[in-house]
Amino acid sequence: MSHTPKRHAYLVAVAQKREAVRVYAVLAITAYEALEAVALNVPPKTKVEIVGSLSRALVKRIRLVPGELRLV
């Protein structure tokens, strides 16, 4: 009997020189997976880091789906 691993909503900050820090919500199984998803969608030499998470209720309310990057 296999089950799908639980996903968590991670908040990932993206910092670039001379720009405001942007924060994305990402639904992923691990923090590393969330960082990788964001890193693939930003320019090279951009600093990305986990800065928090969202509750399950909030994930449902904003209808965040796996694989989506949502600017918050």
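Residues numbered from 1 in each chain as written. Predicted model: local features only at pLDDT ≥ 70, side-chain atom pairs only at ≥ 80, totals over all residues. Heavy atoms only, no water.

1. Re the pattern of salt bridges
Consideration 1: Following the criterion strictly, the structure yields two salt bridges and no others.
Consideration 2: Among the salt bridges present, the one from E49 reaches K47, with a minimum N-O distance of 3.9 Å.
Consideration 3: Classification of K47 by relative accessible area gives exposed; the value is 52%.
Consideration 4: A salt bridge links E68 to R70, with the nearest nitrogen and oxygen atoms 2.9 Å apart.
Consideration 5: Classification of E68 by relative accessible area gives partly exposed; the value is 23%. (Salt bridge = Lys/Arg side-chain N within 4 Å of Asp/Glu carboxyl O. Buried < 20%, exposed > 50% of the residue type's maximum accessible area, 1.4 Å probe, protein only.)

2. Thoughts on unusual backbone geometry
Consideration 1: Of note, R18 is a non-glycine position whose phi angle comes to about 60°, a positive value.
Consideration 2: Not every positive phi belongs to a glycine, and R63 is a case in point at roughly 55°.
Consideration 3: Mapped onto the elements, R63 comes out in the loop between α2 (56-62) and β4 (69-71). (Helix = DSSP H or I, 4+ residues; strand = E, 2+ residues; numbered from the N terminus.)

3. Some details on the sheet that holds strand β1 (residues 8-15)
Two pairing modes exist for strands in a sheet, parallel and antiparallel, and in both the strands are linked by backbone hydrogen bonds.
Consideration 1: One open sheet accounts for four strands, arranged β3-β1-β2-β4; its pairing is antiparallel. The strands lining the two open edges of the sheet, one partner per strand, are β3 (47-54) and β4. The mean inter-strand angle of the sheet, taken between neighbouring strand axes irrespective of direction, is 30°.
Consideration 2: Bridge count for β1 against strand β2 (residues 22-28) is seven bridges, and the pairing is antiparallel. Looking across to β2, one finds that V12 is bridged to Y24. (Pairing = 2+ DSSP bridges. Axes fitted to C-alpha atoms, helices over the stretch in contact; angles between N-to-C directions.)

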